[in-house]
Amino acid sequence: MVELSGVLGVAMVALGMVLTPGPNMIYLVSRSITQGRRAGVVSLSGVAVGFLVYLLATNLGLSVVFLAVPELYVAVKLAGAAYLAYLAWNALRPGGVSVFAPEELPHDSPRKLFTMGMMTNLLNPKIAIMYLSLIPQFISLEAGNVLLQGLLLGSVQIVVALTVNLGIVLAAGAIAVFLARRPTWLRAQRYLMGAALGLLAVSVATDTSAPARA
């Protein structure tokens, strides 16, 4: 049986991670604004499948691979940090555009929206770190079946992440209109998001922890 403290711990970590700007948020917001809520929901379904892939892969042995080949784990983290730094630069550079600023983007098919949502999540370093290093910390060896605990705790993270992201998808259009009428707020949002992404990139790149065995 999973301990209540573990469930609450994972829920709090998941909430903090999902509220931190990252590739998932940027993609979902951009698609929700340019193609509407339906496109955002389709993209979110792809994100959900990405979570399930991580959940199953991690609990069925991916963490063992990274433990056996730590250089691979480091490479994944550094690649993710570089991607976050790229997103931060796009937000902070002169002439950068806020994620909530409407842009003319080509309309993608539902299949592409789903696929891009899934791939964005699979390449999201925040999610990799969460499943490989954070969630396993809440597993108790004394509580019994470790595999079942990992699956249940990962499910808690998925529920929290999808709930928050669905709220972001549904509210993205209204937020975009609100900020469009307030250019100063729009710039402030862009700088804050860029700074958060930059700090996260540094944190990921300098993190020396090893993946925990689930």
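Residues numbered from 1 in each chain as written. Predicted model: local features only at pLDDT ≥ 70, side-chain atom pairs only at ≥ 80, totals over all residues. Heavy atoms only, no water.

Caption draft 1: Highlighting a nonpolar patch on the surface. Residues Val41, Leu166 and Leu170 make up a contiguous nonpolar surface patch of about 210 Å² in total accessible area. Looking at the secondary structure, you find Leu170 in helix α7 (residues 146-180). By relative accessible area, Leu170 is classed as partly exposed at 38%. (Patch = residues over 30% accessible without salt bridge, like charges linked within 9 Å, V, L, I, M, F, W, Y side chains within 5 Å. Areas by Shrake-Rupley, 256 points an atom, 1.4 Å probe, with all protein chains shown as cover. Salt bridge = Lys/Arg side-chain N within 4 Å of Asp/Glu carboxyl O. Helix = DSSP H or I, 4+ residues; strand = E, 2+ residues; numbered from the N terminus. Buried < 20%, exposed > 50% of the residue type's maximum accessible area, 1.4 Å probe, protein only.)

Caption draft 2: Layout of the pattern of salt bridges. On inspection of all chains with the given rule, the structure shows two salt bridges. Ionic pairing is found between Arg31 and Asp108, a salt bridge with its closest N-O pair at 2.9 Å. Separated by 77 residues along the polypeptide, Arg31 in helix α2 (residues 23-35) and Asp108 in the loop between α4 (70-92) and α5 (110-122) bring together distant segments of the chain. Note on accessibility: Arg31 and Asp108 belong to one class, buried. We note a salt bridge from Asp108 to Lys112, for which the minimum N-O separation is 3.7 Å. What makes Asp108 buried here is its relative accessible area of 13%. Under the relative-accessibility criterion, Lys112 is labelled partly exposed at 42%. Via salt bridges that share partners, Arg31, Asp108 and Lys112 belong to a single interconnected network.

Caption draft 3: Structural context of the packing of aromatic side chains. On inspection of all chains with the given rule, the structure shows one aromatic pair. Aromatic side chains Tyr54 and Tyr131 sit 6.0 Å apart centroid to centroid with 10° between the ring planes, which places their arrangement in the stacked category. A residue pair is termed long-range when its members are at least 10 positions apart, and Tyr54 in helix α3 (residues 37-68) and Tyr131 in helix α6 (residues 125-134) qualify at 77 residues. You can call Tyr131 buried: its relative accessible area is 2%. (Phe/Tyr/Trp six-rings, centres within 6.5 Å; stacked < 30°, edge-to-face > 60°.)

Caption draft 4: Focus on α5. With 13 residues, α5 extends 18 Å from end C-alpha to end C-alpha; this agrees with the ideal 18 Å at 1.5 Å per step. Within the span of α5, buried status applies to Leu113, Gly117, Met118, Thr120 and Asn121. Seen from one end, α5 has its buried residues packed into an arc of 165°, which puts them on one side. (Expected span 1.5 Å × (residues − 1). Arc of directions from axis to C-beta.)

Caption draft 5: Here's a closer look at the confidence of the model for the protein. Confidence in the prediction of the protein, expressed as mean pLDDT, is 79, and 79% of residues score 70 or more. Put simply, α4 is where the protein has its lowest mean pLDDT, 73, and α5 is where it has its highest, 93. (pLDDT = per-residue confidence, 0-100.)

Caption draft 6: Structural detail: helix α1 (residues 4-19). With 16 residues, α1 should reach 22 Å at 1.5 Å per residue; the first-to-last C-alpha distance of 23 Å fits that figure. Three or more residues of α1 are buried, namely Gly6, Gly9, Val10, Ala14, Met17 and Val18. Buried residues along α1 cover an arc of 155° about the axis, so they all sit on one side. In α1, the exposed residues that point more than 90 degrees away from the buried face are Leu4, Met12 and Leu19.

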